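Structural description and commentary
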Amino acid sequence: MMDKPLYIHRFRYHFSITKLIFWALIFLCLIYFFFCQAPSSSSTSTLTSRRVLWGGPDWESRVLKSARPRSRAGGHVVLVTGAAGFVGTHVSAALRRRGDGVLGLDNFNGYYDPSLKRSRASLLERAGVFVVEGDINDAKLLKKLFGLVKFSHVMHLAAQAGVRYAMKNPGSYVNSNIAGFVNLLEVCKSANPQPAIIWASSSSVYGLNTKIPFSEKDRTDQPSSLYAATKKAGEEIAHTYNHIYGLSITGLRFFTVYGPWGRPDMAYFFFTKDILKRKTITIFEGPNHSTVARDFTYIDDIVKGCLAALDTAKKSTGTGGKKKGVAQLRVFNLGNTSPVPVGKLVSILEKLLKVKAKKVVLPMPANGDVLFTHANVSLAQRELGYKPTTDLQMGLKKFVRWQAVMKYSYDKRYAKAVSGPRFECDKGSFELRFPITMVFNFFGKLFSLVFDGWSWWWDRITEDNVIRVLTTVLATTLIISWCAWLIKKSRTPPLPPGPPGLPVLGNLPFIEPDFHRYFTKLSQIYGPIVKLKLGSKICIVITSPSLAKQVLKDQDAVFANRDPPASALITSYGKHDIVWMPNGPEWRQLRKIFVRDMMSSSILDACYGLRRQEVREMVREVYKQVGLPINIGEQIFLTILNVVMNMLWGGSLHGEDRRIVGVEFRQVVGEIVEMLGKPNISDLFPVLARLDLQGIKSNTKKLVSWFDRIFDSVIAHRMDVDVANESETKKENKEIKDFLQFLLDLKNQGDSKTSLSTTQIKGLLLDIVLGGSDTTSTSLEWAIAEILNNLEIMRKVQEELDEVVGNDSIVEESHIPKLHYLNTVLKETFTHLSLS
Ligand SMILES: O=C(O)[C@H]1O[C@H](OP(=O)(O)OP(=O)(O)OC[C@H]2O[C@@H](n3ccc(=O)[nH]c3=O)[C@H](O)[C@@H]2O)[C@H](O)[C@@H](O)[C@@H]1O
């Protein structure tokens, strides 16, 4: 175990308490939120508003902001009632998109799943439309809104919809479609200025008419449902308010509107769900097996009609509840002009869903339905420029696509699966949500949030298929990369602490040139193990001896593999040398050969004479230059090079060769060492590696090829000699071999385990040349320079040499163990050299 300083334990202790308190607080907040703030789902069982939350400065500022047109000049200021409804949402968004000020109003009743309405409202919220939660019957609220905002128009789309439901809950139709409408008109007539009103009537007002197509001039006095009757009543009421108070009113008779975000109570919507669930659907037929048909109208066409009606609406003429002149009163059909039998609707759905519907055909019950609808839209075309463009096939395709995306977020099965027991408290009833429920809800909400936006946007963007394909590819790529990144991140263990860095560059701009001082500073802040990000590479700095022991000794095998810089990859012949080869059996074999066989004491002893001879030659050379300047570094290098070359392949340089070739050798070695030590952009940003911006890779290649040529020629020469003197060589087998001979023997005779490749031999030779010559000569040059700068040290070294070696003798290797002071000087030199 690594010894940990006390402060780490203390820090952990404090950290865990803080963490505990933090999570406890989060948990309490969650409990509070889910128990007392969560919307009561009792709203689903009642059609009346659950609770009305309005008023207060924050609410008022949201109202004002939402109602403000984007550009102050010219934009309408519109109150949209039923804004969270199907048509209301689309119209509000369209108005807002073009820059009008739009305030929504909706009571979020439970006629169908209110969560769909909530989702539409949050979609609008994101588009900049605030939907006030309130009822059109709430006169106080309406007055408050009209007091705050001077609405130029009211788009009245709030209503109790659905034809057949009127038999179940007639009161709701009277409440919304008559009382609510009157309440709204009352407030509008008193407003100053009076707004122009555009409101949703219905094709159902044509009732039992048989003359087709339905025209606005046709009779509307035989409604077949209470729904139709309340809409017809609305048209009469509109006439009254127009006549008495001068309100400009436009009624729009919608013909079976369908599309994305539609109403789940409508046939096309629940047919789709039921077909997918393999549930049986009922198709109504008329008397004598006649078909029932509807003029299904796509939502986008309806939106265009609504906006055109709003734009062409004249101002109301009254003020303060008093009529000042004749005001505009209009009614338009907004249909598709091509009725489609319900059976045909089902077969389109079957094709789109690729599922055969289970269907039964039953006589249409007498519950308010009419046999067919068919709009004549010539008036709307003339006055509003209205022209429907989406046929049922295309419209249903869009709906099915939307529905496929939304399936999971509104599927009741999911809602049921995650709902918990219900309780009552003074804040109303609430549902106990277990953690699993919360998790489901959270992800459900997240899912729906994402897909709400997606599908909404998807329907808005151009029909251009190229853009659609490109968008899909882009989105898929982004999602896949994000998931891959998440998976990678979850698998990566946490990293040690470290200073914050910049994107892409990481800590590079902040690194100080004096590494040892900089790392000390970091360790004081972040502890003994620090993470630094250099470009895309992560570096870990360790500053404590115990951690260094862990890494370099105890866990050596784990940390042994290194990521070679570009230059080292070349000098190591692609990780084929002993320095960079990955830790494994091959590397262990190489190390064994190197330590046990090549560097054994018997071999080193056998080279003693050679070393002695070379050192004496150097001393002679130095002696010749007495009184003259001398390049001591060069002399040391040439001596060591001769020793190394002799040990490697038995060759050495003498006379003029020693100087000329030796100097070139030194230069090449020096340049390779420089390339190895130079910071390389390619190493920090591997994406740029191909560019080799600093030319380090190409330079290193050139330098290594210089050595490569020498190695090739020495190896080829040796192999030729070997063949010629095969019998001689066998005789001399027991004599001391040079390294090259030893390595070539391994290459030729070794079994599959011990055999070496020519590349590995060259890698090893370069390791020995670089490691043996440059490091030793540089260290000695430094040591001599330091001694020359410290006369006291020089005096002590000389005294020790006089004492151990004597004045008239030459230093031998046997003297070295007794030269304690000189040894210390060399060790000090190594310490300083490595720091610099
Ligand atoms: O245009 C209109 O004025 C009306 O259009 C729709 O009413 P509806 O046309 O009856 O729409 P759906 O309920 O979707 O019915 C469409 C067709 O499917 C048929 N249907 C309905 C349900 C069913 O189970 N089987 C079936 O064949 C109906 O008879 C009808 O012909 C809306 O629901 C009304 O709010 C709207 O005012």
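The preceding data block contains the structure.
Residues numbered from 1 in each chain as written. Predicted model: local features only at pLDDT ≥ 70, side-chain atom pairs only at ≥ 80, totals over all residues. Heavy atoms only, no water.

Bringing the packing of aromatic side chains into the picture now. As enumerated under the stated definition, the model contains 28 aromatic pairs in all. Look at Phe214 and Phe372: their rings are 6.1 Å apart centre to centre, the planes differ by 25°, and that puts the pair in the stacked class. In this pair, Phe214 is assigned in the loop between β5 (196-202) and α7 (226-245) and Phe372 in the loop between β13 (358-363) and α11 (378-384), connecting sequence segments 158 residues apart. The buried category is assigned to Phe214, whose relative accessible area is 1%. Phe372 gets classed as partly exposed once you look at its relative accessible area, which sits at 25%. A network of ring pairs unites the aromatic residues Tyr258, Trp261, Tyr268, Phe269, Phe296, Tyr298, Phe399 and Trp402 as a single cluster. (Phe/Tyr/Trp six-rings, centres within 6.5 Å; stacked < 30°, edge-to-face > 60°. Helix = DSSP H or I, 4+ residues; strand = E, 2+ residues; numbered from the N terminus. Buried < 20%, exposed > 50% of the residue type's maximum accessible area, 1.4 Å probe, protein only.)

All right, on to the packing of helix α20 (residues 585-598) against helix α29 (residues 758-789) then. When two helices pack together, their arrangement is given by the angle between their axes and by how far apart the axes lie. Packing of α20 against α29 brings their axes to within 13 Å, and their N-to-C directions diverge by 55°. By the criterion of interaxial angle, the relationship of α20 to α29 is oblique. Read as a crossing pair, α20 and α29 show a hand that is right-handed. Within the contact between the two elements, α20 uses Glu586, Leu590, Phe594 and Met598 and α29 uses Gln760, Leu764 and Ile768. Within the contact of α20 with α29, the residues separate by chemical class into five nonpolar, one polar and one charged. (Axes fitted to C-alpha atoms, helices over the stretch in contact; angles between N-to-C directions. Parallel < 35°, antiparallel > 145°, perpendicular 65-115°, else oblique. Left-handed = near helix turned anticlockwise from the far one by under 90°. Contact = heavy atoms within 4.5 Å. Nonpolar A, V, L, I, M, F, W, Y, C, P; charged D, E, K, R; others polar.)

Residues of strand β16 (residues 529-534) alternate between two faces, with Val530, Leu532 and Leu534 buried on one and Ile529, Lys531 and Lys533 left unburied on the opposite face. Relative to strand β17 (residues 537-542), β16 runs antiparallel, the two sharing six bridges. Across the sheet, residue Ile529 finds its bridge partner in β17, namely Ile542. With antiparallel pairing between neighbouring strands as the criterion, β16 and β17 make up a hairpin whose turn holds two residues, including Gly535 at a positive phi of roughly 60°. (Pairing = 2+ DSSP bridges.)

Turning next to the nonpolar core. One recurring pattern in soluble globular proteins: nonpolar side chains tend to sit buried together. Membership of the largest hydrophobic core comes to 81 residues, with the highest contact counts inside it found for Val87, Val91, Met155, Phe254 and Tyr268. Not counting residues up to four positions away in its chain, the partners in contact with Val91 are Met155, Leu157, Val303, Cys306 and Leu307. (Core = buried A, V, L, I, M, F, W, Y, C linked by side-chain atoms within 4.5 Å.)

For the ligand, the set of nearby residues contains 23 residues, the closest of which are Arg164, Ser202, Tyr227, Thr256 and Asp369. At a separation of 2.5 Å, an oxygen atom of the ligand approaches a polar side-chain atom of Ser202. Ser204 has a polar backbone atom sitting 3.4 Å from an oxygen atom of the ligand. Summarising the interface, the protein chains cover 94% of the accessible area of the ligand, which totals 700 Å² for the free molecule. Elements that contribute at least two residues to the shell around the ligand include exactly α8 (267-276) and β8 (280-285). Here the shell around the ligand is composed, by residue class, of 13 nonpolar, six polar and four charged. (Near = heavy atom within 4 Å. Polar contact = N/O pair within 3.5 Å; in protein donor to acceptor, adjacent residues only side chain to side chain. Areas by Shrake-Rupley, 256 points an atom, 1.4 Å probe, with all protein chains shown as cover.)

What follows covers a nonpolar patch on the surface. A cluster of nonpolar side chains, contributed by Leu502, Val504, Leu505 and Phe510, occupies part of the molecular surface with about 360 Å² of accessible area. Locating Leu502 in the fold gives a position in the loop between α15 (465-491) and α16 (515-526). Assessed through its relative accessible area of 39%, Leu502 is described here as partly exposed. (Patch = residues over 30% accessible without salt bridge, like charges linked within 9 Å, V, L, I, M, F, W, Y side chains within 5 Å. Salt bridge = Lys/Arg side-chain N within 4 Å of Asp/Glu carboxyl O.)

Any functional reading would require information beyond the geometric quantities listed.
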